[in-house]
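Observations on the three-dimensional arrangement
Now for the letters of each chain:
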Amino acid sequence: MSIRHGLLALLERGPRYGSQLRTEFESRTGSTWPLNVGQVYTTLNRLERDGMVAQGGEDTAGHTLYTITDSGRAELRAWFENPVDRTSPARDELAIKLAMAVGAPGVDIRDVIQSQRRHTVKAMQDYTRLKAQALVAVESSAARERDDVAWLLVLEQLIFQTEAEARWLDHCESRLIRLSATATATAANAPVAPGAHAASHAPVAPVAPVAPGSPVAPHASSAPRSDLGR
């Protein structure tokens, strides 16, 4: 998430001071990514150092105003025109957690998945309720306030993201169950070592289903996913 470019986009609309930029940024994104004033001024100082913004006097209350420069406008245009790079994805804490949970002593990865699934489904339901409110705000505004429309787009991205995460968690659980079944079948069909006890040559019993409570036993299906209104 680029605070740098977000501030440039707001400054293109006219001179702003730091706390004003923070308020407008959070209004546009529904406070999904809250900022503090220190973060805003740190970013403004870097933009000023890079020649993309300049201080432009003060307002009547004595606030220092910042304006976008031609270099800043060129940077902003390039940001809008070029796709977001996905070749170096940001670190995902959940993916790292599940990767580390595989084979970790004393960790039931099924419980980790189930706990996350409950949280993800609840988040999706919360986002869907907020989306309904945002739709009402957009549809009731003849001017189609840009902040309401922007917040609606952010909410829909969050809904799609959590829906995909819930599907991925279902896939992870299914994958672990299949791998466990394959490992069990391989062990059952392994050749008997020469000299083993005669009982070892008895027919191999069918592999029993995974017992409830096993680290890879399937849980009940997750709560129904919310209607995304697509």
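Residues numbered from 1 in each chain as written. Predicted model: local features only at pLDDT ≥ 70, side-chain atom pairs only at ≥ 80, totals over all residues. Heavy atoms only, no water.

1. Some thoughts on the packing of aromatic side chains
Rules: Only Phe, Tyr and Trp rings take part, Trp by its six-membered ring, and two of them pair if their centres are within 6.5 Å. Stacked means planes under 30 degrees apart, edge-to-face means over 60, and tilted covers everything else. We call a residue buried when its accessible area falls under 20% of the maximum for its residue type, exposed when it is over 50%, and partly exposed in between, using a 1.4 Å probe and counting protein chains only.
Under the definition given, this model contains 2 aromatic pairs. Ring plane angle 40 degrees and centroid distance 5.3 Å describe the contact between tryptophan 79 and phenylalanine 80, whose orientation is recorded as tilted. Judged by its relative accessible area of 34%, tryptophan 79 falls in the partly exposed class. Residue class for phenylalanine 80 comes out partly exposed when judged on its relative accessible area of 49%.

2. Comments concerning the pattern of salt bridges
Rule in force here: Salt bridges are identified by distance alone: a Lys or Arg side-chain nitrogen within 4 Å of an Asp or Glu carboxyl oxygen. Secondary structure counts use DSSP, requiring at least four H or I residues in a row for a helix and at least two E residues in a row for a strand, with both numbered from the N terminus.
Counting across every chain of the model gives 14 salt bridges. Two residues, glutamate 156 and lysine 131, come together in a salt bridge whose shortest N-O distance is 3.6 Å. Linking glutamate 156 in helix α7 (residues 146–188) with lysine 131 in helix α6 (residues 109–139), this pair joins segments that are 25 residues apart in sequence. Residue class for glutamate 156 comes out partly exposed when judged on its relative accessible area of 24%. Here the salt bridges do not stand alone but share partners, grouping Arg4, Arg49 and Asp50 into one network.

3. With respect to the nonpolar core
As a reminder of what qualifies: Here the nonpolar core consists of buried residues drawn from Ala, Val, Leu, Ile, Met, Phe, Trp, Tyr and Cys, with membership extended through side-chain atoms lying within 4.5 Å. Residues count as neighbours in contact if any of their non-hydrogen atoms are within 4.5 Å of one another.
Leu7, Leu8, Leu11, Leu21, Val40, Leu44 and Val53 are the most contacted members of the largest nonpolar core, which totals 16 residues. Elements with a contribution of two residues or more to this core: α1 (3–11), α2 (18–29), α3 (37–49) and β2 (64–68). In terms of residue count, α1 provides more of this core than any other element does, 5 residues in total. Non-local contacts of leucine 44, meaning those with residues more than four positions away in its chain, are made with Leu7, Leu11, Gly18, Leu21, Val53 and Tyr66. Leu94, Ile109, Leu169 and Leu176 belong to the second-largest nonpolar core, a separate cluster that totals 8 residues.

4. Re the packing of α1 against α3
Helices that pack against each other are described as a pair by the angle of their axes relative to one another and the distance between those axes. The test is simple: Where helices are involved, their axes are fitted lines through C-alpha atoms of the stretch in contact, as for all axes, and angles between N-to-C directions lie from 0 to 180°. Here the word oblique covers every angle except those under 35 degrees (roughly parallel), over 145 (roughly antiparallel) and from 65 to 115 (roughly perpendicular). Basically, the charged four are Asp, Glu, Lys and Arg, the nonpolar ten are Ala, Val, Leu, Ile, Met, Phe, Trp, Tyr, Cys and Pro, and anything else, Gly included, counts as polar.
Relative orientation of the contacting elements α1 and α3 amounts to 80 degrees, with a least axis distance of 10 Å. In terms of orientation, α1 lies roughly perpendicular with respect to α3. In this structure, α1 uses Ile3, Arg4, Leu7, Leu8 and Leu11 to contact α3, whose residues at the interface are Gln39, Val40, Thr43, Leu44 and Leu47. For the contact of α1 with α3, the class distribution of residues is 7 nonpolar, 2 polar and 1 charged.

5. Digging into the confidence of the model for the protein
Defined as follows: pLDDT measures how confident the predictor is about each residue, on a scale from 0 to 100.
Taken as a whole, the protein shows an average pLDDT of 82; of its residues, 81% reach a score of 70 or greater. Here α7 stands out as the least confident element of the protein, with mean pLDDT 89; β2 is the most confident, with 96. Counting contacts from residues 198–230, a segment whose pLDDT is below 50, to residues more than four positions away or on other chains yields 52 contacts.

6. Topic: the environment of aspartate 70
Of note, aspartate 70 is situated in helix α4 (residues 70–81). With a relative accessible area of 63%, aspartate 70 lands in the exposed category. Each C-alpha atom of the pair aspartate 70 and valine 53 lies 8.6 Å from the other, and the pair is 17 residues apart in sequence.

7. Examining helix α5 (residues 93–101)
Stated precisely, the cut-off is as follows: Regarding the arc, it is the one traced by the directions from the helix axis to the C-beta atoms.
Along α5, the residues classified as buried are Leu94, Leu98 and Ala101. The arc that holds the buried residues of α5, viewed along the axis, is 65 degrees, so those residues lie on one side. In this structure, α5 carries Glu93, Ala99 and Met100 as exposed residues pointing more than 90 degrees from its buried face. Considering only its buried residues, α5 is in contact with α6 and α7.

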